[in-house]
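# Analysis of the macromolecular model
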Amino acid sequence: MNWNWLNRNTDQILSWLLAHLWLAALPTLLGLLLALPLGAIAFRYRWSYAALITVAGLLYTIPSIALFVVLPGILGTRILNPLNVVVALTLFTLALLVRVVADALDSVPPPVRQSATAMGYRPIRSLLTVQLPLAIPVIGAGLRVAAVSNVSLVSVAALLGVPQLGQLFLVGFQLDFYTPIIAGIVLCLLVAAVFDTIILVAVRLATPWTRAVSHR
Amino acid sequence: MINFDNVSKTFGEGDHRTAAVDDLTIEIPTGKITVFVGPSGCGKTTSLRMINRMIEPTSGTVLIDGVDTRSIDAPTLRRGIGYVIQNAGLFPHRTVLDNIATVPVLQGQSRRSARATAAELLERVGLPESMGQRYPAQLSGGQQQRVGVARALAADPPVMLMDEPFSAVDPVVRAQLQDEFTRLQAELGKTIVFVTHDIDEAVKLGDGIAVLAIGGRLAQYATPAEVLSHPADDFVADFVGRDRGYRALSFTAAGQLPVHEEPTLRLGSSPARGPAPSSAPVGEPYWVLVVDDARQPRGWVDARRLTSGRGVELGDLVLGGSLADPHASLRTALDAALSSPSGRGVAIDADGRVIGTVAARDVLRAIEAARVNAPHSPGQGTSPGAGAREGEADPAAAAVPS
Ligand SMILES: Nc1ncnc2c1ncn2[C@@H]1O[C@H](COP(=O)(O)OP(=O)(O)O)[C@@H](O)[C@H]1O
Ligand SMILES: [Mg+2]
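Residues numbered from 1 in each chain as written. Chains lettered and ligands numbered in written order. Predicted model: local features only at pLDDT ≥ 70, side-chain atom pairs only at ≥ 80, totals over all residues. Heavy atoms only, no water.

## So, the overall build of chain A
Heads up, the rule is: A helix here means a DSSP run of H or I that spans at least four residues, while a strand means a run of E at least two residues long, and both kinds are numbered starting from the N terminus. Residue exposure (1.4 Å probe, protein chains only): buried if accessible area is under 20% of the type maximum, exposed if over 50%, otherwise partly exposed. Every residue pair with non-hydrogen atoms within 4.5 Å of one another is taken to be in contact. Using a 1.4 Å probe, accessible areas were evaluated by the Shrake-Rupley method; residue-level cover was limited to the displayed protein chains. Positive: Lys, Arg. Negative: Asp, Glu. His and the chain ends are not part of the count. Note on charges: their place is set at NZ of Lys, CZ of Arg, CG of Asp or CD of Glu.
The number of helices and strands found in chain A is 9 helices and 0 strands. For chain A, the α and β elements follow one another from N to C terminus as α-α-α-α-α-α-α-α-α. Viewed in the frame of its principal axes, chain A has a C-alpha envelope of about 65 × 50 × 20 Å. In chain A, which comprises 216 residues, the share counted as buried stands at 45%. Contacts in chain A between residues far apart in sequence, at least 24 positions, make up 72% of those at least 6 positions apart. Counting only carbon and sulfur atoms, one obtains 72% of the accessible surface of chain A, whose full area is about 11,000 Å². Put simply, chain A has 12 plus and 5 minus side-chain charges, and the middle of one group is 17 Å from the middle of the other.

## What to know about the overall build of chain B
Helices and strands together make up the secondary structure of chain B, namely 14 helices and 15 strands. Considering only residue pairs separated by 6 or more positions, chain B has 64% of its internal contacts joining residues 24 or more positions apart. Carbon and sulfur atoms provide 50% of the accessible area of chain B, an area that totals close to 18,400 Å².

## Side note on the site of ligand 1
Residues and elements named next belong to chain B. Quick note on the threshold: Near is defined per residue: the residue qualifies when any heavy atom it owns lies within 4 Å of the molecule or strand. Polar contact is defined as a pair of N or O atoms within 3.5 Å, subject to the rule that within protein one atom must be able to donate a hydrogen and the other to accept it, and that residues adjacent in sequence are counted only when both atoms are side-chain atoms. Under the scheme applied, nonpolar residues are Ala, Val, Leu, Ile, Met, Phe, Trp, Tyr, Cys and Pro; charged residues are Asp, Glu, Lys and Arg; polar residues are all the others, including Gly.
The immediate surroundings of ligand 1 are formed by F11, T18, A20, S40, G41, C42, G43, K44, T45 and T46. Contact distances for ligand 1 include 3.2 Å between an oxygen atom and a backbone N or O atom of C42. Breaking the shell around ligand 1 down by element, the ones donating at least two residues are β2 (18-28) and α1 (44-51). Among the elements that take part in the shell around ligand 1, α1 stands out by supplying 3 residues, more than any other. Across the shell around ligand 1, the residue classes tally to 3 nonpolar, 6 polar and 1 charged.

## Considering the sheet that holds strand β11 (residues 264-266) of chain B
Residue and element names in this part refer to chain B. Selection rule: For two strands to pair, DSSP has to find at least two bridges joining them. Angles here are taken between N-to-C directions and fall from 0 to 180 degrees, while the axes themselves are lines fitted to C-alpha atoms, restricted in helices to the stretch in contact.
A sheet is described by the order of its strands in space; here 3 strands give the open sequence β11-β12-β13, paired in mixed fashion. Of all strands in the sheet, those with a lone pairing partner are β11 and β13 (297-302), marking the two edges. Strand-to-strand twist across the sheet, computed as the mean angle between neighbouring axes with direction ignored, equals 40°. Bridge analysis of strand β12 (residues 287-291) against β13 gives 5 bridges, and the strand direction is antiparallel.

## Examining the pairing of strand β4 (residues 59-64) of chain B
Sheet faces and side chains relate simply in a regular strand, where the side chains alternate between the two faces. All names here are of chain B. Here strand β1 (residues 2-11) runs beside β4; their pairing, made up of 5 bridges, is antiparallel. Following the sheet pairing, F4 is matched in β4 by V62. Relative to strand β5 (residues 67-68), β4 is paired through 2 bridges, and the arrangement is antiparallel. Looking across to β5, one finds that L63 is bridged to D68. Connecting β4 to the next strand, β5, in antiparallel fashion are 2 residues, including D65 with a positive phi near 50°.

## Thoughts on the packing of helix α3 (residues 46-61) of chain A against helix α5 (residues 82-106) of chain A
All names here are of chain A. We apply this condition: Left-handed describes a crossing whose near helix is turned anticlockwise from the far helix through less than a right angle; right-handed describes the clockwise counterpart.
Relative orientation of the contacting elements α3 and α5 amounts to 145°, with a least axis distance of 8 Å. Every pair of crossing elements has a handedness; the one defined by α3 and α5 is left-handed. Of the residues in α5, those in contact with R46, Y49, L52, I53, A56, L59 and Y60 of α3 are L91, F92, A95, L96, V98, R99, A102, D103 and D106. Residues belonging to the contact of α3 with α5 are distributed by class as follows: 12 nonpolar, no polar and 4 charged.

## Quick word on the interface of chain A and chain B
Operational definition: We define buried area as the total accessible area lost by two parts upon association, computed with a 1.4 Å probe and summed across both. Any carboxyl oxygen of Asp or Glu that lies within 4 Å of a side-chain nitrogen of Lys or Arg is treated as forming a salt bridge with it.
The interface is formed by 23 residues belonging to chain A together with 28 residues belonging to chain B. Counting the surface lost from both chain A and chain B, the interface buries some 2,300 Å², and carbon and sulfur atoms represent 60% of this. Viewed at the interface, chain B and chain A are joined by 1 salt bridge. Between the two partners, chain A and chain B, sit 7 residue pairs in polar contact (both at pLDDT 80 or more). Per-element tally for the side of chain A that touches chain B: the top contributor is helix α6 (residues 110-119) of chain A, with 8 residues. Taken together, the residues of the side of chain A that touches chain B break down into 13 nonpolar, 7 polar and 3 charged.

## Re helix α2 (residues 10-44) of chain A
Our working rule: To estimate the expected span of a helix, subtract one from its residue number and multiply by 1.5 Å. One axis is fitted to the seven residues ending at the residue and one to the seven starting there. The bend at that residue is the angle between these axes.
The first and last C-alpha atoms of α2(A) sit 51 Å apart over 35 residues, in line with the 51 Å expected at 1.5 Å per residue. Within α2(A), the axis deviates most sharply at A35(A), by approximately 30°, and proline P37(A) lies no more than four positions further along.

## With respect to a nonpolar patch on the surface
The condition that has to hold: Here, patches come from residues exposed beyond 30% relative accessible area and free of salt bridges, joined within 9 Å for like charges and within 5 Å for nonpolar side chains (Val, Leu, Ile, Met, Phe, Trp, Tyr).
A grouping of I65(A), V69(A), V70(A), I74(A), L75(A), I79(A), L80(A) and L159(A) is seen on the molecular surface, where their side chains present a nonpolar patch of about 710 Å² in accessible area. Along the chain, I79(A) falls in the loop between α4 (64-75) and α5.

## Topic: the nonpolar core
Among soluble globular proteins, nonpolar side chains are generally buried collectively. What counts here: In plain words, nonpolar cores are sets of buried Ala, Val, Leu, Ile, Met, Phe, Trp, Tyr and Cys residues tied together by side-chain atoms within 4.5 Å.
L165(A) and L168(A) are the most contacted members of the largest nonpolar core, which has 55 residues in total. At the level of elements, α1 (3-8), α2, α3, α4, α5, α7 (123-156), α8 (166-175) and α9 (178-206) of chain A are the ones that each hand at least two residues to this core. The dominant element in this core, judged by the number of residues it contributes, is α5(A), at 13 residues. In contact with L165(A), other than residues within four places in its own chain, are I13(A), W16(A), L17(A), H20(A), L187(A), C188(A) and V191(A). V149(B), A202(B), V211(B) and V236(B) belong to the second-largest nonpolar core, a separate cluster that totals 47 residues.

## Side note on the pattern of salt bridges
Residues and elements named next belong to chain B. Inspection of every chain in the model, using the stated rule, returns 18 salt bridges over all chains. With a closest N to O distance of 2.9 Å, R53 and E56 form a salt bridge. What makes R53 buried here is its relative accessible area of 15%. K204 serves as the salt-bridge partner of D179, at 3.2 Å between the closest nitrogen and oxygen. One end of the pair, D179, is in helix α7 (residues 171-188); the other, K204, is in helix α8 (residues 199-205), and 25 residues separate them in sequence. For D179, a relative accessible area of 42% gives the class partly exposed. Via salt bridges that share partners, D349, D351 and R353 belong to a single interconnected network.

## Topic: the packing of aromatic side chains
In plain terms, the rule: Two aromatic rings, drawn from Phe, Tyr or Trp (for Trp, its six-membered ring), form a pair once their centres lie within 6.5 Å of each other, and the interplanar angle then sorts them: stacked below 30 degrees, edge-to-face above 60, tilted otherwise. Placement of a positive charge over a ring is assigned whenever Lys NZ or Arg CZ falls within 6 Å of the ring centre and within 35 degrees of the normal to the ring plane.
If you walk through the whole model with that rule in mind, you get 9 aromatic pairs over all chains. A ring pair is formed by W5(A) and F177(A), whose centres lie 5.6 Å apart and whose planes are at 80°; its orientation type is edge-to-face. One end of the pair, W5(A), is in helix α1; the other, F177(A), is in the loop between α8 and α9, with 172 residues separating them in the sequence. The burial state of W5(A) is the same as that of F177(A); both residues are buried. Look at F166(B) and F181(B): their rings are 5.9 Å apart centre to centre, the planes differ by 70°, and that puts the pair in the edge-to-face class. Residue F166(B) is located in the loop between β7 (159-163) and α7, and its partner F181(B) is located in helix α7; the two are separated by 15 residues in the primary sequence. Members of the aromatic cluster, each reached through a chain of ring pairs, are F166(B), F181(B) and F194(B). One Lys or Arg, R46(A), reaches over the ring of Y49(A) and ends 5.0 Å from the middle of that ring. The lysine or arginine in question, R151(B), covers the ring of F91(B), its NZ or CZ lying 4.9 Å from the ring centre.

Next up, the structure:
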């Protein structure tokens, strides 16, 4: 481990770290926001479930690097534009979460759903205020997977020259030098751990009832 | 009043068609408890859910107070009808108070005022106010079921639908919930449609009982007494069960039973003339009824076992079984006689004071008399029958030997 090299390049590494943070965080959030309505549609209309899940599955099999390369052509962006990364990872997140959201909504016990109907809830309100809150733990678990996989997928974009922690791996390979590689791995793990913790805490705060212990 | 007019419901198509409800025509009276009872899968839930349009009939009309339910927007209709689901179906993510406040909030009341009403309701269903802040998972099954009832009552709907509300709790809690429910209904006078597969529950709670057979056929619609004493067909007789004859005694008032004078002994005192009279058969226990200072029965004592001069203590007593209130049913009177060690059932007045004893042979005589005088109407139709309902209003009428 060459600490001098790290000291000399601290500023550069920090800027890559920052870029990495938002390049991974933004698609996770956008993907979730898009997955909620689409997942709700897949849940609500059985015929759309199969279609949406199939498309999502296909999307997920596209190698990330291919998407990074193809997107500029579709979006009219430059290859170095970080927007390509954001769009690609948003699609991956969406592909992962559509199914998670649909299945999470489906996991709400039928009696609870039926009693919402029986009380006089309209479908949208029941979805938003009864089913969605109850689906939070399952959606949260899916979101943790998506966030962590986004952290690692962002690194791939380094091959295109988009600056973020992945650059450390390129530098390491080019110089046949382990310090940047180890630093890159440690920082990626750190970012993943931070995201994971944030989601975990958010889910806990949003679901106080799951921790209510029996007073019986 | 709720009317089903030739209502049918089939699920599925072609070979998978199931008739859940078959041409149901029934009139459900206002302010009474009407029970839909029948074996599992006979269409009880389906019938119930066609009232609040959770299920739409395949054909026929459901009317509430003469209004076709299809003319009312479904969610609006449902907010005006209380619904208690099996296993309570509470919202796990809301506190007990917020669960109860559900419908008022949906109707546009402020959360604050809805919670205030909810707190009052909590007390009404026998739960402490402190429970309002808990989540459903922190409540026992019985408590959850009470919250379910409170939630259904929150908007004070004139009509309540209850789908096996007490099936998931143990028998002791169930009996307790049933008793409280009866008391609550006596105060509230709601129009209640109650679904159960348990004929005992139906008989206990129902003002009228609709017995449904598999395939959604209405087999009999009558008062509980009528269903027990005159089942409309073999299906009903079979469903009602073996000891229906004995259970039917619940509906025959014991009003005219002779009450025999019974010498009593005060707790703490000793028999004035020795432990047992010499006329009593030797070798058999000689039972004397022991009462307290308020003349309430405490138990029986075998006078032969008492030592002369010593006062009767609680420890000497054999507890006698149930008590017969002469205004109660023949079933209670018979049970009191059969469960008493002396064979004489203790009869009490409204304040619980001993007025004498009833004998099993007198109960049997009354049963014979009631049988001879019972009306033999065919017990099937679209309403429980005006005559039968009048009989119910005056329970003694059925038992008076004319
Ligand atoms: N959504 C449904 N789809 C298909 N069949 C159903 C549906 N709901 C009920 N059934 C069928 O209708 C019949 C009556 O059901 P239900 O009303 O739930 O009976 P119960 O409440 O008396 O047990 C049963 O044969 C049941 O299988
Ligand atoms: Mg049912």
